[in-house]
2 protein chains.
Amino acid sequence: MQTFGDQPILLAPGPVPLSQEVLTALALPMIHHRTDEFSQILESCLQRLKWVFQTEQPVLILPSTGSGGMEALLINVLSPGDEVLAIISGKFGERWAEMAETFDYKVSTYNVPWGEAAEPKKLEQLLKENPQFKAVIGQVCETSTATLHPIKQLAQTVQQHSKALFLVDAITGVGATQLLMDQWGIDGVVAGSQKAFKLPTGLAMLALSDRAWQAYKTSTTPKFAFDLGKELKANQKSTTFFSSSVTLIRALDVALNSFVGDGLNQSIQRCEQLAKVTREHFETLGLTTYSKSSAPSVTALNLPETIDGKKFKSDLETKYGVTLGGGQDQLAGKIIRIGHLGEITNDLYTEGLRRIHQAMRDYGIFSKDIDSERHIQSSIAKL
Amino acid sequence: MQTFGDQPILLAPGPVPLSQEVLTALALPMIHHRTDEFSQILESCLQRLKWVFQTEQPVLILPSTGSGGMEALLINVLSPGDEVLAIISGKFGERWAEMAETFDYKVSTYNVPWGEAAEPKKLEQLLKENPQFKAVIGQVCETSTATLHPIKQLAQTVQQHSKALFLVDAITGVGATQLLMDQWGIDGVVAGSQKAFKLPTGLAMLALSDRAWQAYKTSTTPKFAFDLGKELKANQKSTTFFSSSVTLIRALDVALNSFVGDGLNQSIQRCEQLAKVTREHFETLGLTTYSKSSAPSVTALNLPETIDGKKFKSDLETKYGVTLGGGQDQLAGKIIRIGHLGEITNDLYTEGLRRIHQAMRDYGIFSKDIDSERHIQSSIAKL
């Protein structure tokens, strides 16, 4: 059993704990990106990413954050003046809509109450009333509220009732929940390295459907660094358009070893299990989850109104040695978010729960009488 | 003395060999970017980068390649229709001009013959004839031809004869040659992590002058991921606009230790020394350098017309274990480029030269009679 001493525990919804294999890969001596050696690594990543994205389409890697990838999805398939429907259910939905407005797309919004899942019926109605939409954009998991959306049904709705492209921010979705890009008819998917891939921040991965690649051809939004066509052309020669993020792509190659074959399902199941066990664990102890449609990648717990939630989160980090996510805007100080992505071993999670318990006991969120260790061991046994 | 066995030697103009300290930092356990711990690291980087850039202005860090940073420089200070003068003396100048055209700036070019330095007098003439230029863009070192441009004089010329902003790609310039941003009146500088900073690819660092920040306010080119104003606002709270590249920024913090105080000058002197010794070394042996204005960051050697230069470079890599830069376009197969950036110890350089010598002897570029080891030791003794 691994012990952690005063080592900090990271249980946020990204960045996430890294595996030893990834850390080792990050520290390898530098090699040049215009070499056969690197081309083989890149090719290995590009091929295996198709499996992770469940697509026959090329998957591209950009040297950017996930948000950069979200921008790339928009600007490669849309043109100024195009109408976009943004499904907004939290901070990341808001940001994507803001991004779309920046590039002069006309943004309409389907505002989903925070913590609730988008409803295919409501989407259907909006699409029927607005045949002019060129794209529908939304999150697979809205990380800020720990909410999972019914992407399969939403994709079906877009396909049946609109000519719009359906673009999804799957940054905390890929590898954490089933997402069948081709089969479900999703037109654009973006993922981020610092989530289920268990890597540092710094790579966005994206794929476009055939229809989206058609739209690329007529898109007039100016782009260069994020021009996916240029990147695709370079990828077809097993290289990247710009200098490659050698260090991160080499680590990606290692990380992808755990996604081949049944590995993808195992990654998803692990997230789902951690999420379920976490919900049950804290509900048994009297807490409630914020979201009515809990995500597998992150769980948001409501904090009692009697405590200073911002201080609680800050104390968790500095006094108890465990970093979680907090709430933003209307949720500031009201929730804490426990991430289920990354190299979360049972030992690490046990230690994380112990520290959270200690803080919750000290803050009076839990009674001092509860047998923390018994509750924790009982939950970990289910993993 | 370090021995290298069959370990590959990287002597390209970026990416470059990394120090052990940087490799160790890259392999540190992940921490969250929204923590006091990371904010302190970021702040330490942002403050010390001002010294490296020789500016009182804020220096910003983007999670992108250097080319992404070059795009950011343009789109933050220009608007569609603005006229730009691109000083072009090689591949990177061409690419920057192409980038500018993509964003609907009207690009005029000052085409400098490859391998030659831009002439302030010619620039002056162009500026006098074209008072409408909003920006002049150019490379400090044109890496593709290993050519250094007289940036101080060019900056002075722009200031005296134009209202244009002077934006420089200093990706192989910062830390490799003196570049006094504020004192020389440069309006925009971009650097890249995989050069003199001795880091992996993945971070661009930029600074704007007061005038450039004024231009930012009226720039209408749409931008979000590369919006420097948004990044600056986040930096003022010791955080980044998007998720931070924790791994690379933590490594940057370590790398910057060698730039404080006289470290910046030492970095520049080391590059200049390596470049001078390299030129003299190969000239003594009968080779010539390509550039008439040799850069300190990289040296381009002309290859004899009798050999297949592409095969030679490829063989160097696969058979002799040393990766150099090659020539592009009109220079394809005609030059090899030896980089002087990164953690190039005397031991590493000795081994690199030995491998280059062996290849050059086998290819008949050098006579079999020359005493390679004596030549190499004599050159290394000057470092």
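Conventions used here
All residue numbers refer to positions counted from 1 along the written sequence of the respective chain. Ligands are numbered from 1 and chains lettered from A, in the order in which they are written. The predicted origin of the model limits local features to residues at a pLDDT of at least 70 and limits the giving and counting of side-chain atom pairs to 80 or more, whereas totals for whole chains, interfaces and linings rest on all residues. Side-chain metrics in this entry use all non-hydrogen atoms of the structure; hydrogen atoms and water are not considered. Only protein chains enter the accessibility calculation, which uses a 1.4 Å probe; a residue is then buried when its area is under 20% of its type maximum, exposed when over 50%, and partly exposed in between. Strands here are runs of E lasting at least two residues and helices are runs of H or I lasting at least four, both read from the DSSP assignment and numbered beginning at the N terminus. Pairs of residues are marked as contacts when any of their non-hydrogen atoms sit within 4.5 Å. Distance and chemistry together define a polar contact, namely a pair of N or O atoms within 3.5 Å, with one atom able to donate a hydrogen and the other to accept it when in protein, and with adjacent residues in sequence counting only for side-chain atoms on both sides. Residue ranges for the domains trace back to a domain assignment, done automatically or taken from a database. As a working definition, buried area equals the accessible area (1.4 Å probe) given up by two parts on being put together, with both sides summed. Salt bridge criterion: a side-chain nitrogen from Lys or Arg within 4 Å of a carboxyl oxygen from Asp or Glu. All amino acids are sorted into three groups, where Ala, Val, Leu, Ile, Met, Phe, Trp, Tyr, Cys and Pro are nonpolar, Asp, Glu, Lys and Arg are charged, and the leftover types, Gly among them, are polar. All copies are superposed by least squares; the fitting set is the C-alpha atoms of residues with a pLDDT of at least 70 in both. Working convention: axes come from line fits to C-alpha atoms, limited for helices to the stretch in contact. Angles between N-to-C directions cover 0 to 180 degrees. For classification purposes, angles smaller than 35 degrees are called roughly parallel, those larger than 145 roughly antiparallel, those between 65 and 115 roughly perpendicular, and all remaining angles oblique. Rotating anticlockwise by less than a right angle from the far helix to the near helix defines a left-handed crossing, while the corresponding clockwise rotation defines a right-handed one. By definition here, a helix of n residues has an expected span of 1.5 Å times n minus one. Pairing of aromatic rings covers Phe, Tyr and the six-membered ring of Trp, with a centre-to-centre limit of 6.5 Å; geometry is then stacked below 30 degrees between planes, edge-to-face above 60, and tilted otherwise. Charge-over-ring placement is defined geometrically: NZ (Lys) or CZ (Arg) within 6 Å of the ring centre, and within 35 degrees of the ring normal. Two strands make a pair as long as DSSP finds a minimum of two bridges between them.

### Topic: helix α12 (residues 309-318) of chain A
Right, on to step 1. Among the residues of α12 of chain A, those classed as buried are Gly309, Phe312, Lys313, Asp315, Leu316 and Glu317 of chain A.
Right, on to step 2. As for α12 of chain A, its buried residues are in contact with β12 (322-323), β13 (335-339) and α13 (346-362) of chain A together with α2 (36-53) of chain B.
Right, on to step 3. Its side-chain oxygen 3.2 Å from the backbone nitrogen of lysine 310 of chain A, aspartate 308 of chain A forms the N-cap of α12 of chain A.

### A word on the domain arrangement of chain A
Residue and element names in this part refer to chain A.
Right, on to step 1. Segmenting chain A into domains produces domain 1 (9-16 + 262-380) and domain 2 (20-258).
Right, on to step 2. Placing a centre on the C-alpha atoms of domain 1 and another on those of domain 2 gives a separation of 28 Å.
Right, on to step 3. The interface of domain 1 with domain 2 comprises 30 residues on the first partner and 27 residues on the second.
Right, on to step 4. Both sides together, the interface formed by domain 1 and domain 2 hides about 2,300 Å², and carbon and sulfur atoms give 57% of it.
Right, on to step 5. When the area that domain 1 buries against domain 2 is broken down by residue, the three leading residues are Leu264, Ser293 and Gln328, summing to 21%.
Right, on to step 6. Notably, a salt bridge pairs glutamate 343 with lysine 198, separated by 3.1 Å at the nearest N-O pair.
Right, on to step 7. Summed over the shared surface of domain 1 and domain 2, the number is 14 residue pairs in polar contact (both at pLDDT 80 or more).
Right, on to step 8. Among the elements of the structure, α11 (263-284), β11 (298-302) and β13 are those that each provide at least two residues to the side of domain 1 that touches domain 2.
Right, on to step 9. Ranked by the residues each element gives to the side of domain 1 that touches domain 2, the list is headed by α11, at 6 residues.

### Focus on the interface of chain B and chain A
Right, on to step 1. Taken together, the contacts link 46 residues of chain B with 46 residues of chain A.
Right, on to step 2. Summed over both sides, the interface of chain B with chain A buries roughly 3,700 Å², with 68% coming from carbon and sulfur.
Right, on to step 3. Inspection of the region where chain B meets chain A yields 0 salt bridges.
Right, on to step 4. Applying the counting criterion to the chain B and chain A interface returns 6 residue pairs in polar contact (both at pLDDT 80 or more).
Right, on to step 5. For the side of chain B that touches chain A, the secondary-structure elements that each account for two or more residues are α1 (20-26), α3 (66-77) and α4 (91-102) of chain B.
Right, on to step 6. Looking at the side of chain B that touches chain A element by element, the count peaks at 4 residues for α4 of chain B.
Right, on to step 7. Of the residues in the side of chain B that touches chain A, the class split is 21 nonpolar, 17 polar and 8 charged.

### Looking at the environment of isoleucine 344 of chain A
Residues and elements named next belong to chain A.
Right, on to step 1. Tracing the backbone through its elements, the reader meets isoleucine 344 in the loop between β13 and α13.
Right, on to step 2. Judged by relative accessible area, isoleucine 344 falls into the buried class, the value being 5%.
Right, on to step 3. A sequence separation of 216 residues divides isoleucine 344 from lysine 128, and the C-alpha atoms of the two residues are 44 Å apart.
Right, on to step 4. The residues touching isoleucine 344, leaving out its near neighbours within four places in the chain, are Leu11, Pro17, Arg270, Leu274, Gly339 and Tyr349.

### So, the relation of the copies chain B and chain A
Right, on to step 1. Superposing chain B onto chain A takes a rotation of 180° plus a shift of 0.0 Å along the axis, which leaves an RMSD of 0.0 Å. Taken together, the rotation and translation relating the two chain copies correspond to the operation of a two-fold axis.

### Concerning the packing of α11 of chain A against α13 of chain A
Residue and element names in this part refer to chain A.
Right, on to step 1. Packing of α11 against α13 leaves a shortest axis separation of 13 Å and a crossing angle of 25°. One element, α11, and the other, α13, form an angle in the roughly parallel class. Crossing handedness for the pair α11 and α13: right-handed. Between α11 and α13, the contacting residues are Arg270, Leu274, Thr278, His281 and Phe282 on the first element and Asn346, Tyr349, Leu353, Ile356, His357 and Met360 on the second.
Right, on to step 2. Here the residues of the contact of α11 with α13 are counted per class, giving 6 nonpolar, 4 polar and 1 charged.

### Structural notes on helix α4 (residues 91-102) of chain A
Residues and elements named next belong to chain A.
Right, on to step 1. Along its 12 residues, α4 runs 16 Å from first to last C-alpha, staying within 8% of the 16 Å computed at 1.5 Å per residue.
Right, on to step 2. Three or more residues of α4 are buried, namely Gly93, Arg95, Trp96, Ala97, Met99 and Ala100.
Right, on to step 3. Buried residues along α4 sit in contact with α3 (66-77), β3 (83-88), β4 (106-111), β5 (133-139), β6 (141-142) and β8 (165-169).
Right, on to step 4. After α4 finishes, the residue aspartate 104 shows a positive phi value of roughly 65°.

### Some words on unusual backbone geometry
Right, on to step 1. For the bond from glycine 14 of chain A to proline 15 of chain A, the omega torsion is 5°, close enough to zero to count as cis.
Right, on to step 2. With respect to the secondary-structure elements, proline 15 of chain A resides in the loop between β1 (9-10) and α1 (20-26).
Right, on to step 3. The phi torsion at serine 238 of chain B lies on the positive side, around 55°, for a residue other than glycine.
Right, on to step 4. Position of serine 238 of chain B among the secondary structure elements: in the loop between α9 (228-235) and α10 (246-255).

### Examining the packing of aromatic side chains
Right, on to step 1. Inspection of the entire model under this criterion finds 17 aromatic pairs over all chains.
Right, on to step 2. Look at tryptophan 213 of chain B and tyrosine 216 of chain B: their rings are 5.5 Å apart centre to centre, the planes differ by 70°, and that puts the pair in the edge-to-face class. Here tyrosine 216 of chain B and tryptophan 213 of chain B lie together in helix α8 (residues 210-218), a separation of 3 residues that amounts to about one turn. We note that tryptophan 213 of chain B, like tyrosine 216 of chain B, is buried.
Right, on to step 3. Over the ring of phenylalanine 241 of chain B we find arginine 95 of chain A, and its NZ or CZ is 4.9 Å from the ring centre.

### A word on the environment of proline 13 of chain A
Residue and element names in this part refer to chain A.
Right, on to step 1. Considering the arrangement of structural elements, one finds proline 13 in the loop between β1 and α1.
Right, on to step 2. Accessibility expressed as a relative area gives 5% for proline 13, which makes it buried.
Right, on to step 3. Once the C-alpha coordinates of proline 13 and isoleucine 336 are considered, the two residues, 323 residues apart in sequence, prove to be 11 Å apart.
Right, on to step 4. With residues near it in sequence (within four places) discarded, proline 13 still touches Thr143, Thr172, Lys195, Val298, Gly325, Arg337, Gly339 and Leu341.

### Thoughts on the sheet that holds β4 of chain A
Residue and element names in this part refer to chain A.
Right, on to step 1. Across the sheet, 7 strands lie side by side as β2-β10-β9-β8-β5-β3-β4; this open sheet has mixed pairing. Edge positions in the sheet fall to β2 (59-62) and β4, since each of these pairs with one other strand and no more. The average undirected angle you get between the axes of adjacent strands in this sheet is 20°.
Right, on to step 2. Sheet topology places β3 next to β5; 4 bridges connect them, and they run parallel.

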